[in-house]
Amino acid sequence: MLKKQDELRENANKLAARGKGLLAVDESTPTIGKRLEGINVENTEENRQAYRGMLFTADGLGEYISGAILFEETLYQNHLDGETMVSKLDKLGIIPGIKVDKGLRPLAGALEGETWCQGLEELAERTAKYYEAGARFAKWRAVLQITPDGCPSDLAIKENAWGLARYARICQESGLVPIIEPEILMDGSHAIERTAEVQERVLNEVYKACAQNGVFLEGSLLKPSMTVSGAGASTKADPETVAITTMRTMDRCVPAAVAGIMFLSGGLTEEEASVFLNTMNSVPRKGTWSVTFSYGRALQQSCLQAWKGTDIEAGQKAVLARAQANSEASKGDYVAGSQPSAQESLFEAGYKY
Ligand code: 13P
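Procedures and definitions
Along each chain, residue indices are assigned from 1 in the same order as the chain's sequence is written. Restriction of local features to residues with pLDDT of at least 70 applies here, the model being predicted, together with a cutoff of 80 or more for giving and counting side-chain atom pairs; totals for whole chains, interfaces and linings are based on all residues. Hydrogens and water molecules were not included; the side-chain quantities draw on all heavy atoms of the structure. Each helix corresponds to a stretch of at least 4 residues labelled H or I by DSSP, and each strand to a stretch of at least 2 residues labelled E; elements are numbered beginning at the N terminus. Throughout, the radius of gyration refers to the C-alpha atoms, and the reference size of a globule is 2.2 Å times the residue count to the power 0.38. Accessibility here uses a 1.4 Å probe with only protein chains present; expressed as a share of the type maximum, an area under 20% marks a residue as buried, one over 50% as exposed, and anything in between as partly exposed. Here a residue-residue contact requires only that any non-hydrogen atoms of the pair lie within 4.5 Å. Here the Shrake-Rupley method, with its probe set to 1.4 Å, supplies the accessible areas, and only the displayed protein chains count as covering residues. Consider each residue's heavy atoms; a residue with any of them within 4 Å of a molecule or strand counts as near. Distance and chemistry together define a polar contact, namely a pair of N or O atoms within 3.5 Å, with one atom able to donate a hydrogen and the other to accept it when in protein, and with adjacent residues in sequence counting only for side-chain atoms on both sides. Amino acids outside the nonpolar list (Ala, Val, Leu, Ile, Met, Phe, Trp, Tyr, Cys, Pro) and the charged list (Asp, Glu, Lys, Arg) are all regarded as polar, and Gly is one of them. The salt bridge definition used is simple: a Lys or Arg side-chain nitrogen within 4 Å of an Asp or Glu carboxyl oxygen. The directions considered for the arc run from the helix axis to the C-beta atoms. Here a strand pair is declared whenever DSSP counts at least two bridges between the two strands. In this analysis an axis means a line fitted to C-alpha atoms, helices contributing only their contacting stretch, and an angle means the value between N-to-C directions, from 0 to 180 degrees. None of His or the chain ends enter the tally, which takes Lys and Arg as positive and Asp and Glu as negative. The pairing test for Phe, Tyr and Trp rings, Trp by its six-membered ring, is centres within 6.5 Å, and the orientation test on the planes gives stacked under 30 degrees, edge-to-face over 60, and tilted for anything in between. Two thresholds decide whether a charge sits over a ring: the Lys NZ or Arg CZ must be within 6 Å of the ring centre and within 35 degrees of the ring normal.

Caption draft 1: Expanded view of the overall build of the protein chain. Tallying secondary structure elements over the protein chain gives twelve helices and ten strands in all. Against the 2.2 N^0.38 benchmark of 20 Å for 353 residues, the protein chain shows a C-alpha radius of gyration of 19 Å, consistent with a compact globule. For the protein chain, the C-alpha atoms occupy an extent of roughly 50 × 45 × 40 Å along the three principal directions. Residues counted as buried form 60% of the 353 residues belonging to the protein chain. Taking as baseline every contact in the protein chain between residues at least 6 positions apart, the subset at least 24 positions apart corresponds to 81%. For the protein chain, the accessible area works out to roughly 14000 Å², and carbon and sulfur atoms hold 50% of it.

Caption draft 2: Molecular detail of the site of the ligand. By nearness alone, 13 residues border the ligand, and K139, E181, K223, S265 and G266 come closest of all. Contact between the ligand and K139: an oxygen atom at 2.5 Å from a side-chain N or O atom of the residue. At a separation of 2.8 Å, an oxygen atom of the ligand approaches a polar backbone atom of G296. Protein burial of the ligand: of its 300 Å² of free accessible surface, 100% is covered by the chains. Of all the elements in the fold, those that place two or more residues in the shell around the ligand are β6 (137–144) and β10 (290–295). When the residues that make up the shell around the ligand are grouped by side-chain class, the tally is four nonpolar, four polar and five charged.

Caption draft 3: The arrangement of the pattern of salt bridges in detail. Overall, the coordinates contain 21 salt bridges when judged by the stated rule. R252 is the partner of E200 in a salt bridge, and the nearest nitrogen-oxygen pair spans 2.8 Å. Pair noted here: E200 is in helix α8 (residues 192–212) and R252 is in helix α9 (residues 239–253), with a separation of 52 residues, a long-range link. Its relative accessible area of 51% is what places R252 among the exposed residues.

Caption draft 4: Local environment of helix α6 (residues 123–132). Among all positions in α6, only L123, R126, T127, Y130 and Y131 are buried. Viewed along the axis of α6, the buried residues span an arc of 140°, placing them on a single side of the element. Those residues of α6 that are exposed and aimed more than 90 degrees away from the buried face are K129 and E132. Note on α6: the residue one or two positions beyond its end, G134, has a positive phi of about 115°.

Caption draft 5: Local environment of the sheet that holds strand β2 (residues 65–70). Strand order in the closed barrel formed by eight strands is β1-β2-β3-β6-β7-β8-β9-β10, with parallel pairing between adjacent strands. Here eight bridges tie β6 to strand β7 (residues 177–184), and the two strands are oriented parallel to one another. Its bridge partner being in β7, V143 is matched across the sheet by E183. Packing against the sheet, helix α7 (residues 154–174) makes contact with β6 and β7, and its axis sits at approximately 175° to β6. Most of the contacts of helix α11 (residues 297–307) go to strand β1 (residues 21–25), to which it runs at about 60°, and overall it touches β1, β2 and β10.

Caption draft 6: Focus on the side chain of R126. Secondary-structure assignment places R126 in helix α6. Put simply, R126 is tucked away with no salt bridge, and the nearest opposite charge, on E72, sits 5.5 Å away. Engagement of the side chain of R126 in a polar contact is seen with the backbone oxygen of G119, the distance being 2.9 Å. The residues contacting R126, other than those within four sequence positions of it, are V100, K102 and G119.

Caption draft 7: Broad picture of unusual backbone geometry. A cis geometry characterises the amide bond from C151 onward to P152, with omega recorded as 0°. Here P152 is to be found in the loop between β6 and α7. Phi at N40 takes a positive value of approximately 60°, unusual for a residue other than glycine. Its place among the elements puts N40 in the loop between α2 (29–37) and α3 (45–55). Within the chain, E122 stands out as a residue other than glycine whose phi angle is a positive 60°.

Caption draft 8: Region of interest: the side chain of S274. In this structure, S274 sits in helix α10 (residues 270–280). A polar side-chain atom of S274 sits 2.7 Å from a polar atom in the side chain of N326. With residues up to four places along the chain from it excluded, the contact list for S274 reads R322, A325, N326, A329 and Y334.

Caption draft 9: Examining α11 more closely. Most of α11 is tucked away, with ten of its eleven residues classed as buried. By the burial criterion, the buried members of α11 are R297, A298, L299, Q300, Q301, S302, C303, L304, A306 and W307. Following α11 by one or two positions, K308 has its phi on the positive side, about 55°.

Caption draft 10: Representation of the packing of aromatic side chains within the structure. Taken as a whole and judged by the stated rule, the model has three aromatic pairs. Relative to Y167, the ring of W140 has its centre 5.2 Å away and its plane inclined at 25°; by these criteria the two rings are stacked. One end of the pair, W140, is in strand β6; the other, Y167, is in helix α7, and 27 residues separate them in sequence. Residue class for Y167 comes out buried when judged on its relative accessible area of 0%. When the ring of F293 is compared with that of Y295, the centres are 5.6 Å apart and the planes differ by 40°; the resulting orientation is tilted. A cation over a ring is seen here: K4 above Y131, with NZ or CZ 3.9 Å from the ring centre. Of note, R297 hangs over the ring of Y351, and the distance from its end group to the ring centre comes to 3.5 Å.

All we've got here are geometric facts, nothing functional implied.
Here it is, written out as structure tokens:
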């Protein structure tokens, strides 16, 4: 049995608490650079500190957000006022988490463009240090894509599922709740039924690998993409079809013991991400897990635009608005359009984190 089993269960349940979700602010330095460039702010450590420090001092954010996923730099960073970012989060009642994967590499022997996710080497040593620094959960993003010529291959599914399960088990040894993230990119023009078929194969393989590795499911979280049509599909499934199909996929594949399902936004607009989540919490389903959010782009876009590098108050107001919208959506209580949002598409082909 894992030494920290009770603590893992307790923290996983706190992260998946009713009406709460995760704020994913673990963009790598080049990716946060692209976000900052969009508002004409230079990608310096100082500006990253100012931006994330603004988020972590938004009064009341902990009412909607249970955990924040950090990039390593932020876990060890101080706020401008000298206090650690971890302590700022503690004060808001937000649990700090850490992205631990080391990014994607081409998967030899698989199809063109397929990847594996690196970072298992010395992961046990790193997770022990992250726990010491205050992190209580972790994220590992494995990526699969759907193409007309056969992606994802069985090899890519197997390799990525195995990596997620190895990572999850190693994290649990150190007392970190693993977020298992098998993202299926929205790239492509396939119909929603094709996404559903692929996602069922992927999730079945992920939980088979978790069983083989002895992952403690009660102390783990799933972070899937929603079952949606390809971004380039000529007809896109409506929110109700997305919600019913996604919940069918989850009902078929996610064990009841898993503490919570926290969806990524994957390039949906801020409003779409909230409406889809709300609809998922309004249609019937069999699973009793909490169905909530772990959004990056869909929680930060209007906030970045309001902050613009200096306006702390406007930035905080914007992030609180989207956090509240998604909190309501996780209970099926969100009224579409009741909170301001950025209108533009957040989709990027071949998205890198
Ligand atoms: P998005 O919500 O922007 O897809 O990001 C969430 C995330 O953490 C992806 O790994």
